[in-house]
Amino acid sequence: MKTTIPEEIFIECIKSANNGDLQAEGVCPECEKMIKFKYYPYEWDPRDSTVTYMGICPECGKPIYVGD
């Protein structure tokens, strides 16, 4: 069951995003091009306290999900 990200975790994620720490490079699974993209907190799983992040492919505009 996924739920809202707790405020303290969300604040730390946003601080990291603002510092440029939440960036990735890889191949988009949709358009299969090599890309660089920023990602942001999307959902939190309280069972194991993991955050799933989401970014947008700058080439095709499809969402890309990154696990914690």
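Details of the structure are given in the entry above.
Definitions and limits used
- Residues numbered from 1 in each chain as written.
- Predicted model: local features only at pLDDT ≥ 70, side-chain atom pairs only at ≥ 80, totals over all residues.
- Heavy atoms only, no water.
- Pairing = 2+ DSSP bridges.
- Helix = DSSP H or I, 4+ residues; strand = E, 2+ residues; numbered from the N terminus.
- Salt bridge = Lys/Arg side-chain N within 4 Å of Asp/Glu carboxyl O.
- Buried < 20%, exposed > 50% of the residue type's maximum accessible area, 1.4 Å probe, protein only.
- Core = buried A, V, L, I, M, F, W, Y, C linked by side-chain atoms within 4.5 Å.
- Contact = heavy atoms within 4.5 Å.

Q: Mind showing me how you'd approach the pairing of strand E4 (residues 63-67) here?
A: Working note: regular strand, side chains alternate between the two faces of the sheet. With 5 bridges connecting them, strand E3 (residues 50-56) and E4 associate as antiparallel partners. If you follow Thr52 over to E4, its bridge partner there is Gly67. The turn joining E3 and E4, which pair antiparallel and follow one another in sequence, is formed by 6 residues; a positive phi near 80 degrees is taken by Gly61.

Q: What should I look at first to understand the pattern of salt bridges in this one?
A: If the charged atoms of two oppositely charged side chains come close together, the side chains can form a pair. This structure, assessed with the given rule, holds 3 salt bridges. Lys15 is the salt-bridge partner of Glu12, the closest N and O atoms lying 3.6 Å from each other. Highlighted residues: Glu12 and Lys15, both in helix H1 (residues 7-18), separated by 3 residues, approximately one helical turn. Glu12 sits in the partly exposed class, given a relative accessible area of 46%. Accessibility expressed as a relative area gives 45% for Lys15, which makes it partly exposed. Between Glu59 and Lys33 there is a salt bridge, with its nearest N and O atoms 3.7 Å apart.

Q: When you look at the pairing of strand E2 (residues 34-45) in this model, what are you seeing that I'm missing?
A: With 5 bridges joining them, strand E1 (residues 23-27) and E2 adopt antiparallel strand pairing. For Ala24, the partnering residue across the bridge sits in E2 and is Phe37. The antiparallel hairpin formed by E1 and E2 contains 6 residues in its connecting segment, where Glu32 sits at a positive phi of about 60 degrees. Note: E2 against E3, 6 bridges, orientation antiparallel.

Q: Hey, could you run me through the nonpolar core in this one?
A: In terms of nonpolar packing, the biggest core is built from 13 residues, with Ile35, Tyr53 and Ile64 touching the most fellow members. Elements with a contribution of two residues or more to this core: H1, E2 and E3. Setting aside anything within four residues of it in sequence, one finds Ile64 in contact with Cys28, Ile35, Phe37, Tyr53, Met54, Gly55 and Cys57.

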